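Working through the structure, step by step
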Amino acid sequence: QVLMWCWVWVAMAAGEILALEGPPVSQASPLSLRVALGAITEVLIPRGTALPAEAVLKVTTTEDDQLVARFMLLAGERGPVEENQQLGTLVFPGLSVPSSRGFVELVLRTSMTGDL
């Protein structure tokens, strides 16, 4: 049930699901919502956080003249990527500004409500 809820949240964030009806799933996040940054992960919303919750993470490009940014969303409590459950990947194409790595700043804003 937890993994299904997380999948639905990712699908809603990606715009694949417009609305769902139903009672609240939980009053707190059951697992930490994480984003992969290379081989390690960064916590966006920690496990047990009261819902609704919101988080913001600022990252920069990692390559010169980077055209696409990819962020793997995960649920779990471990640092290494492979020790968490993958929920999906967000892809942001169109970073067409020629620049050196670290110059372009990307802001990930996430929120969880606990409602289905």
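Above this text is the structure in question.
Residues numbered from 1 in each chain as written. Predicted model: local features only at pLDDT ≥ 70, side-chain atom pairs only at ≥ 80, totals over all residues. Heavy atoms only, no water.

**Let's talk about unusual backbone geometry**
- Between Leu51 and the following residue, Pro52, the backbone shows a cis peptide bond with an omega angle of 5°.
- The backbone phi angle of Asp65 is positive, close to 50°, even though this residue is not glycine.
- Mapping Asp65 onto the fold places it in the loop between β3 (53-60) and β4 (68-75). (Helix = DSSP H or I, 4+ residues; strand = E, 2+ residues; numbered from the N terminus.)

**A closer look at the nonpolar core**
- Residues Leu33, Val35, Leu44, Ile45, Leu57, Phe71 and Leu106 are the most contacted members of the largest nonpolar core, which totals 19 residues.
- If you list the elements that add at least two residues to this core, you get β1 (33-37), β2 (40-45), β3, β4 and β6 (105-112). (Core = buried A, V, L, I, M, F, W, Y, C linked by side-chain atoms within 4.5 Å. Buried < 20%, exposed > 50% of the residue type's maximum accessible area, 1.4 Å probe, protein only.)

**What to know about the sheet that holds strand β5 (residues 85-93)**
- The strand order β2-β1-β4-β5 describes an open sheet built from 4 strands, whose pairing is antiparallel. Looking at which strands have only one partner, the edges of the open sheet turn out to be β2 and β5. Going from strand to strand, the sheet's axes swing by 30° on average, the running direction of each strand aside.
- In terms of strand pairing, β1 meets β4 through 3 bridges, oriented antiparallel. Its bridge partner lying in β4, Arg34 is registered against Leu74. (Pairing = 2+ DSSP bridges. Axes fitted to C-alpha atoms, helices over the stretch in contact; angles between N-to-C directions.)

Keep in mind these numbers describe shape, not what the thing actually does.
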